Amino acid sequence: MVAGAQDVRVSAPLNAGWRFMQSQDLENVEAPGFDDASWGSVDVPHTWNRIGNEGTERSPLSNDVQGIGWYRLHFKAPPARAGSRYFLQFDAVSTVADVWLNGRYLGKHAGAFARFRFDASTCIHAGADNVLVVKADNSRPRPGSSTQDVIPLSGDFFMFGGIYREVSLIVMNPVHVDMLDFGGPGVYARLLDVDAGAGLPAAVPPGTANLQLSGRIANELKMPQRVVVAFTLRDATGATVASRSLKTTAAPGIFELQTQLHLDAPHLWSGTRDPYLYQVSMIIRSQSGAILDSVNQTLGLRSVKFDPERGLFLNGERMFLKGASMHQDRPVKGWAVSHAEQRQDFDMLQDLGANAVRLAHYQHDEYSYQLADERGILAWAEIPLVNKVSFDGSPANAAFTANARQQLTELVRQNFNHPSIVVWSVGNEIDLTATQTKGPSQAAALVKSLNELAKREDPSRATTLADCCEIGIAPQAGAALDGIKPREALVGITDIVGYNRYFGWYVGRVSDLGGMLDDAHVRHPALPMSVSEYGAGAALTQHSDDATGGLINPHGRPHPEEYQSWYHEQSWAILAPRQYLWGVFIWNLFDFASDYRKEGDLTDVNEKGLISYDRHTQKDAYYFYRANWSSKPTVHLTGRRYVDRAYAVTDVKAYSNAAQALLTLNGREIGPSQCTHGICVWPAVHLSQGGNEVAVTAQIGGVRMSDSVHWTLSHSDRIVNIKAGDLSGYVAKDGQRFGSDMYFEEGTGQRVDAADGALSKFASVMAVDSGLYDTYREGDFAYRVPLPKGRYRVRLEFEEPTASAAGIRIFDVEANGTTRLKDFDVFKAAGGKLRGVEREFEVRIEDGFLRLAFRPQRGSAVVSALSITPLA
């Protein structure tokens, strides 16, 4: 122990020098003399799992094994005077932790995300060697498993195993702040009221504030102790602005002490504009004045109210929350991230222009909430109650309910004093997963229990949940389906609600979002609403020339980056005007690990992030929000990773918060574009064969900003190959490249097998390259293809995707007003369904465009691919 410090707590880190072995079969590991010489050496934070790879195949270096990992540490405990208490603190262990010290079992903690402590006083070897053993178990939840009653039972994120946050030994006097209060700090500050004048312009008389302070004191001596407990509030300069001392008798055991502080002219915590922080302390002194223990907590003074028509009010001023969700993992490290990496995440969040964050789907490291405090980011905090409350669709059992309540209590108590947290969320998409026999989880009873607990633990904050399924994408509450139990009504149990909706991705069209929200607002006129998730995947190596050209395959490949950008442009245009929303949270700020996903150009990664998993690349959609949310000057040309272009004539787009921007191509001025809602577009820009230097400049607040990209066009502008209905293009077996669907007018892009995108079963029935026929355009439609003057050969590829007989689908094809195919029946011409057939004809272009019209005579017209090549 440090000399002179014997009267206050000492914290010793236990992060270095651990031995580790991942094994299900070891015995007697907790014995001090167990031989761990063959084990690996690790420091904590640590996880044994490695998942989430660059590429479409899982890396041989991956480790997705979920089960038991053993940790052993020899450490020397600091000496202390008689009566000292020793506590082991674990900031998080996933998912279930069993802990032994010197062969003595200290206990179990079930839950992967919260801090927990054990009293090690009776088995510590003070001033000598100690052996600490931890069994970490992240077994996949299933009936009979060690995690069957631990939330979450499932989720779209990987549960990394290990001691993935820090460990410490804390030495204290026998009279101290309670260390076993669900991992909480032991002192809790609640703003009772703040005068409306506070935080207003200087001409308004200053207000006042009243704080309630609660402190929990542990007396581990056998006799009552006379103590003096001082509560002190200090401002940002360290000056005391309010204090109160109480003399009391601490009986053996735990008791709680409450008092109030009054503050004149409080400086409010006002979000990103002014995240002003106080420090509140509780100091316990003996009757003689010696300090026995002390705790300091950061505190921000603010009021938060929600209104169902006008949204959120911070300190009486309306604030629309513009936020994004975060997971905590990174490549290789998993959840074992550093403070520097957490700071980088918040740097990117702030650079985006966000003023809010949803720390999903579980309790994050307390440092993240501290960063939110310091930077004025309003935070949504939640427990990992995800997807379901049972395996069989029944209500939550007693053990599962107890664990959910434990994890909610830990979340609230450990983070009670963070001013950034404005809502406690009791779960996410709790009734999403359904069984075939019983339907969705019957979750209402558990949600009500958790909501009541949250309100009892913290009456000052609103409760919420993230809903998946009430209206818009699933059978409504109360609607039975074929004898299966109906969904229970969950929306309305908590104070406010967030809707997770993915129109235009998993279901429906993006345009459906507005109507669904308006319907929900009518359905719940007194319930403040937010959009807690919306988003789309984006692969950095997959690209589209027109994001509206076909159907997205949300659970497969490809996921063009341009589709994500288009999705967010459309979604934000719907969300921004709806004044009744209190906030929106993009899903997600970063790509993250999810071991059931094989999507886009990655495996084991959910790539809906605006930023890549490794944080190295901001996707185009990131800059769309930066242009709309941030005051920082922004100019960003989109499509910078789409280097090898499919078409000579293309729209060029930039995201900028400038009023207008100027485009140049290969040093030649193309002209200005007015930027509307952060979007600047130059239509039909003609690229040159070979290299193309594209640059944009703009004046923003007197500052000249610029951005540039390099694109190549490997073919003549007289060659155009279009894969109809496709979002990302295709390279045929003969090496011919087809661009994504482009230059179309009307019609809809379709996939042959829209259910799962698996097309291998069609290869045996198609006479030619089956991959060329897996998408198509359908309806009454046309193509207007820009081409230089000259003669061309047009080849059209067809296959019949749905009709089962000749005569069901008949259409004409016109080229510049002249019918070239009359009463064309694909089924008849190809000799059956799902068989490729082609037709060719020659055309002359005089006015710079080839117009191909597909006119139905019976049913709808279809085409799978178009090839246009020049004739000598």
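Within each chain, residue numbers correspond to sequence positions counted from 1 in written order. Predicted model: local features are reported for residues with pLDDT of at least 70 only, side-chain atom pairs are reported and counted for 80 or more only, and whole-chain, interface and lining totals are derived from all residues. Hydrogens and water are ignored here; the side-chain numbers use all heavy atoms of the structure.

Chemist: Break down the overall build of the protein chain for me, citing the residues and quoting the values.
Modeler: Each helix and strand in the protein chain was counted, giving 8 helices and 56 strands. Relative to the globule expectation of 29 Å for 872 residues, the C-alpha radius of gyration of the protein chain, 31 Å, shows essentially globular dimensions. Along the first, second and third principal axes, the C-alpha set of the protein chain runs to 105 × 70 × 55 Å. Classification of residues uses two cut-offs on accessible area relative to the type maximum, computed with a 1.4 Å probe and protein chains only: under 20% is buried, over 50% is exposed, and between them is partly exposed. Considering the protein chain as a whole, with its 872 residues, one finds that 60% of them fall into the buried category. Only the protein chains shown count as cover for residues, and the accessible areas themselves come from Shrake-Rupley with a 1.4 Å probe. For the protein chain, the accessible surface area stands at approximately 32,700 Å², while carbon and sulfur atoms represent 50% of it. Segments assigned H or I by DSSP are reported as helices when at least four residues long, segments assigned E as strands when at least two residues long, and all are numbered from the N terminus. Restricting the calculation to C-alpha atoms gives the radius of gyration, and the globule rule supplies 2.2 Å times the number of residues raised to the power 0.38.

Chemist: Can you tell me about the sheet that holds strand 4 (residues 53–54), naming the residues and giving the values?
Modeler: Note: two strands are recorded as paired if DSSP finds a minimum of 2 bridges between them. The sheet built from 3 strands is open, its strands ordered 4-34-33 with antiparallel pairing. The open sheet has two edge strands with one neighbour each: strand 4 and strand 33 (592–599). Bridging between strand 33 and strand 34 (residues 602–606) involves 4 bridges; their strand directions are antiparallel. Paired with Lys598 across the strands is Thr603, a residue of strand 34.

Chemist: Outline helix 4 (residues 444–457), listing residues and values.
Modeler: Two residues of an α-helix separated by three or four positions point the same way, owing to the 3.6 residues in each turn. By definition here, a helix of n residues has an expected span of 1.5 Å times n minus one. Taking 1.5 Å per residue as the helical rise, helix 4 with its 14 residues ought to reach 20 Å, and the 20 Å between its terminal C-alpha atoms agrees with that figure. Looking only at helix 4, the buried set comprises Ala444, Leu446, Val447, Ser449, Leu450, Asn451, Leu453, Ala454 and Glu457. In the core, the buried residues of helix 4 are packed alongside helix 3 (398–415), strand 26 (421–428) and strand 29 (462–467). We call two residues in contact when some of their heavy atoms are within 4.5 Å.

Chemist: Which residues make up the packing of helix 6 (residues 561–575) against helix 7 (residues 620–629), and what values do they have?
Modeler: The interhelical angle for the contact between helix 6 and helix 7, taken along N-to-C directions, is 25 degrees, at an axis separation of 8 Å. Between helix 6 and helix 7, the interaxial angle falls into the category roughly parallel. Packed against helix 6, whose contacting residues are Glu561, Gln564, Ser565, His568, Glu569 and Trp572, the element helix 7 presents Asp620, Ala621, Phe624, Tyr625, Asn628 and Trp629 at the interface. Only the stretch in contact is used when a helix axis is fitted, and all axes are lines through C-alpha atoms; the angle between N-to-C directions ranges over 0 to 180 degrees. Roughly parallel covers angles under 35 degrees, roughly antiparallel covers those over 145, roughly perpendicular covers 65 to 115, and oblique covers all other angles.

Chemist: Got a sec to walk through the packing of aromatic side chains? Specific residues and values, please.
Modeler: Any two rings among Phe, Tyr and Trp, with Trp reduced to its six-membered ring, count as a pair given centres within 6.5 Å; such a pair is stacked if its planes are under 30 degrees apart, edge-to-face if over 60, and tilted if neither. Applying the stated criterion to the full structure yields 40 aromatic pairs. On the numbers, 5.5 Å between centres and 70 degrees between planes, the contact of Trp572 with Trp629 is edge-to-face. Placement of Trp572 in helix 6 and of Trp629 in helix 7 is noted, with a sequence separation of 57 residues between them. Here the two residues Trp572 and Trp629 agree in accessibility, since each one is buried. Ring plane angle 75 degrees and centroid distance 6.3 Å describe the contact between Tyr783 and Phe854, whose orientation is recorded as edge-to-face. Of this pair, Tyr783 sits in strand 49 (residues 781–786) while Phe854 sits in strand 54 (residues 849–858); the two residues are 71 residues apart in sequence, bridging distant segments of the chain. With respect to class, Tyr783 is no different from Phe854; both count as buried. Taken together, the ring pairs in this structure connect Phe113, Phe157, Phe158, Phe160, Tyr164, Trp335 and Tyr362 into an aromatic cluster. In this scheme, Lys NZ or Arg CZ marks a charge over a ring once it lies within 6 Å of the ring centre and within 35 degrees of the ring normal. Here Arg615 stacks its cationic end above the ring of Phe590, 3.9 Å away from the centre of that ring. Cation over ring: Arg784 sits above Phe849, and NZ or CZ is 3.6 Å from the ring centre.

Chemist: Please give an account of the nonpolar core that cites residues and values.
Modeler: One finds Leu517 and Tyr534 to be the most contacted residues of the largest nonpolar core, which totals 106 residues. For this core, the element with the highest residue contribution is helix 7, accounting for 7 residues. The next biggest cluster of nonpolar side chains, apart from the first, holds 40 residues, and it includes Val649, Phe824, Val843 and Leu850. Residue types Ala, Val, Leu, Ile, Met, Phe, Trp, Tyr and Cys, when buried and joined through side-chain atoms within 4.5 Å, form a set referred to as a nonpolar core.

Chemist: Lay out the side chain of Asn315 with the relevant residues and their values.
Modeler: Its location among the elements puts Asn315 in the loop between strand 21 (311–314) and strand 22 (317–319). On the basis of relative accessibility, which here comes to 14%, the residue Asn315 falls in the buried class. Contacts described as polar in this section are N or O atom pairs within 3.5 Å, which, within protein, must combine one atom able to donate a hydrogen with one able to accept it, while residues neighboring in sequence count only if both atoms come from side chains. A polar atom in the side chain of Asn315 sits 3.3 Å from the side chain of Ser270. Residue contacts for Asn315: discarding those within four places in its chain leaves Leu268, Trp269, Ser270, Leu301, Arg302 and Ser303.

Chemist: Give a detailed account of the state of the cysteines, specifying residues and quantitative values.
Modeler: Only a pair of cysteine sulfur atoms within 2.5 Å qualifies as a disulfide here. If you walk through the whole model with that rule in mind, you get 2 disulfides. Disulfide pairing places Cys468 opposite Cys469 at an S-S distance of 2.1 Å. When the S-S torsion is -100 degrees, as for the bridge of Cys468 with Cys469, the disulfide is left-handed. Its relative accessible area of 3% is what places Cys469 among the buried residues. Linked covalently through their sulfurs, Cys675 and Cys680 form a disulfide whose S-S length is 2.1 Å.

Chemist: How would you summarise the pairing of strand 54 if you had to cite specific residues and measurements?
Modeler: Where strand 49 meets strand 54, 6 bridges bridge the pair, whose relative direction is antiparallel. Within the sheet, the bridge partner assigned to Ala782 lies in strand 54 and is Ala853.

Chemist: Break down unusual backbone geometry for me, citing the residues and quoting the values.
Modeler: With an omega dihedral of -20 degrees, the bond running from Ala360 to His361 counts as a cis peptide bond. When you line up the elements, His361 lands in the loop between strand 24 (356–359) and helix 2 (366–375). A cis amide bond links Arg557 with the next residue in sequence, Pro558, at an omega value of -5 degrees. Counting through the fold element by element, Pro558 comes out in the loop between strand 31 (529–533) and helix 6. Residues other than glycine seldom take positive phi values, yet His677 does so here, at roughly 55 degrees. Structurally, the position occupied by His677 is in the loop between strand 39 (668–674) and strand 40 (679–686). The class of His677 is exposed, set by a relative accessible area of 64%. Notably, Tyr743 is not glycine yet its phi reads approximately 65 degrees, a positive angle. With respect to the element layout, Tyr743 can be found in the loop between strand 45 (737–738) and strand 46 (744–745).

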